[in-house]
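# Reading the structure
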Amino acid sequence: LAKLLWSDTRIKYIDLSNMALSDRSGAFLGRSIKSNNALTTLDLSGNHFGPETVTSLANSLLGNKALRCLCIGSNPLTKGAKDERQSSDEHCINLLSHAITNNAGLIYLSLWRCGIGLEGGKAICKAVSNNKNLISVEMGKNNFERRDMLLMTNQLEKNRRARELGVSRDATLAKNKEAVKKEQQKAEQERERQNQNCQWLEEQKNSRAESRLLELERRNAKAQKDEEKRQQMEHIQTREEDRAKAASKGKKGKKGKKGKAKKK
């Protein structure tokens with residue numbers, strides 16, 4: 001599973017609670033989420049995870065921005081840590097505190113009943129108070145001072161209010177964006193309608209112009225045909241007149257010849 005988490009981009013939620021997993025197993029799992037950009041919820045509560053797990057998780061949380069919910073409650077996180085300079089509590093929890101301070105993804109963290117002492121509690125509470133993203137932290141059944149808890153609780157409340165305000169602001173922005181989108185769509189539809197109207201008017205204009213041109217051509221053709229017919233009629237009339245004149249002239253010539261014959 002740890003190897004799979006190194007590169008898997010499909011798994012969003014893993015629940016490994018109450019499986020009696022060893023600290024070494026937890027360390028493998030902790031390292032595996034360092035570069036995982038898909039996993040959002042990891043429940044490791046109720047196992048035997050200790051300092052090795054805390055160390056690997058702390059290192060991974062410094063670079064992981066996808067994980068939103070981390071449950072490591074009911075684990076002996078400080079048991080077995082060995083460091084000559086610090087107590088077991090301080091050695092493990094300071095690493096985790098540093099990771100919590102600098103992590104930008106977590107919004108929920110459970111450290112319920114992890115055997116954290118006063119100094120560790122102070123470090124954890126300070127880390128949470130410096131984190132602007134966490135909105136819920138479970139710290140019960142540990143040895144924390146009241147003033148440290150109060151400091152942490154105040155910051156969590158500020159984070160919740162800021163998140164609610166951010167959600168409200170995002171909703172308002174989304175609503176305004178949707179309204180702008182609708183207005184743009186409406187404007188686009190109006191432009192499209194106007195373009196269609198202009199296109200229709202242009203088509204009608206062209207159609208009328210074409211009709212006028214056809215009518216003019218028809219009239220010109222009719223006028224030309226009438227003119228040809230008139231000229232043809234004039235030509236026929238002229239020919240008839242010429243024939244009539246010729247016939248009349250021929251009759252007059254015959255009468256003259258007969259008169260001359262009688263005189264002789």
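The structure contained in this document is the topic of the report that follows. Within every chain, residues take consecutive numbers counted from 1 along the sequence as written. Per-residue local features of the predicted model are confined to residues with pLDDT of at least 70, and side-chain atom pairs are confined, for both listing and counting, to 80 or more; whole-chain, interface and lining totals are unaffected and use all residues. As a convention, hydrogens and water are excluded, and side-chain values are obtained from all of the structure's heavy atoms.

## Focus: the overall build of the protein chain
Test applied: Starting at the N terminus, helices and strands are each numbered in turn, a helix being any DSSP run of H or I of at least four residues and a strand any DSSP run of E of at least two. Buried residues are those whose accessible area, probed at 1.4 Å on protein chains only, stays under 20% of the maximum for their type, while exposed residues exceed 50% and partly exposed ones sit between those limits. Contacts: residue pairs with any heavy atoms within 4.5 Å of one another. Note on areas: Shrake-Rupley, 1.4 Å probe, and residue coverage restricted to the protein chains presented here. We score Asp and Glu as negative and Lys and Arg as positive, and we do not count His or the chain ends. A charged residue contributes its charge at one atom only: NZ of Lys, CZ of Arg, CG of Asp or CD of Glu.
Along its length, the protein chain carries six helices and five strands. Counted from the first residue to the last, the protein chain has its helices and strands arranged as α-β-α-β-α-β-α-β-α-β-α. Considering only C-alpha atoms, the protein chain reaches an extent of 180 × 40 × 30 Å along its principal axes. Counting only residues that meet the buried cut, the protein chain has 31% of its 264 residues in that class. For the protein chain, the share of sequence-separated contacts (at least 6 apart) that also reach a separation of at least 24 residues comes to 84%. Of the accessible surface of the protein chain, which amounts to about 18,200 Å², a share of 52% is contributed by carbon and sulfur atoms. Mean positive and mean negative side-chain charge positions of the protein chain (53 and 33 charges, respectively) differ by 17 Å.

## Points about unusual backbone geometry
Excluding glycine, a negative phi dihedral is what most residues carry, and trans is how most peptide bonds are arranged. Notably, Ala20 is not glycine yet its phi reads approximately 55°, a positive angle. With respect to the helices, strands and loops of the structure, Ala20 is situated in the loop between strand S1 (13-15) and helix H2 (23-32). Despite not being glycine, Arg113 shows a phi value in the positive range, around 50°. Within the fold, Arg113 resides in the loop between strand S4 (108-110) and helix H5 (118-129).

## Considering the packing of H2 against helix H3 (residues 51-61)
This is how it is decided: Lines fitted to C-alpha atoms define the axes, with helix axes restricted to the stretch in contact, and inter-axis angles between N-to-C directions lie between 0 and 180 degrees. Roughly parallel means an angle under 35 degrees; roughly antiparallel means over 145; roughly perpendicular covers 65 to 115; every other angle is labelled oblique.
Running from N to C, H2 and H3 point in directions that differ by 5°, and their axes come no closer than 7 Å. By the angle between their axes, H2 is roughly parallel relative to H3. Seen from H2, the contacting residues are Asp23, Arg24, Gly26, Ala27, Gly30 and Arg31; seen from H3, they are Pro51, Glu52, Thr53, Ser56, Leu57 and Ser60.

## A look at the sheet that holds S1
Across a sheet, paired strands are connected by hydrogen bonds in the backbone, their directions being either parallel or antiparallel. Threshold: Pairing between two strands requires that DSSP report at least two bridges joining them.
Pairing within the open sheet is parallel, and its five strands lie in the order S1-S2-S3-S4-S5. Single-partner strands in this sheet number two, and they are S1 and strand S5 (136-138). The mean inter-strand angle of the sheet, taken between neighbouring strand axes irrespective of direction, is 5°. Sheet topology places strand S2 (residues 41-43) next to strand S3 (residues 69-71); three bridges connect them, and they run parallel.

## Thoughts on the nonpolar core
Among soluble globular proteins, nonpolar side chains are generally buried collectively. Rules: Buried residues of nine kinds, namely Ala, Val, Leu, Ile, Met, Phe, Trp, Tyr and Cys, make up a nonpolar core once their side-chain atoms join them within 4.5 Å.
Counting 38 residues, the largest nonpolar core has Leu111 and Val128 as the members making the most contacts within it. Elements with a minimum of two residues in this core: helix H1 (2-7), H3, helix H4 (88-102), H5 and helix H6 (146-263). Here the element with the most residues in this core is H4; it accounts for five residues.

## Some words on the pattern of salt bridges
Pairing is possible between side chains of opposite charge, provided their charged atoms come close. Rules: By convention in these notes, a salt bridge is any Lys or Arg side-chain nitrogen within 4 Å of a carboxyl oxygen on Asp or Glu.
Summed over all chains, the structure comprises 14 salt bridges. Here Lys122 makes a salt bridge to Asp148, at a shortest N to O gap of 3.5 Å. Taken together, the positions of Lys122 in helix H5 and Asp148 in helix H6 put the pair 26 residues apart, joining distant regions of the chain. Accessibility expressed as a relative area gives 7% for Asp148, which makes it buried. As a salt-bridge pair, Arg193 and Glu190 come within 2.4 Å of each other at their nearest N and O atoms.

## Points about the environment of Ser56
On the secondary structure map, Ser56 appears in helix H3. Residue classification places Ser56 among the buried positions, given a relative accessible area of 4%. Counting along the chain gives 138 residues from Ser56 to Gln194, while the straight-line C-alpha distance between them is 65 Å. For Ser56, the contacting residues outside a window of four places in its chain are Gly26, Ala27, Gly30 and Arg31.

## Section: the side chain of Asn103
Here is the rule: In protein, a polar contact requires one atom able to donate a hydrogen and another able to accept it; more generally it is a pair of N or O atoms within 3.5 Å, and residues adjacent in sequence count only if both atoms are side-chain atoms.
Structurally, Asn103 is set in the loop between H4 and S4. Its relative accessible area of 4% is what places Asn103 among the buried residues. In this structure the side chain of Asn103 is engaged in a polar contact, spanning 2.7 Å, whose partner is the backbone nitrogen of Leu106. Setting aside anything within four residues of it in sequence, one finds Asn103 in contact with Leu61, Asn64, Asn131 and Asn133.

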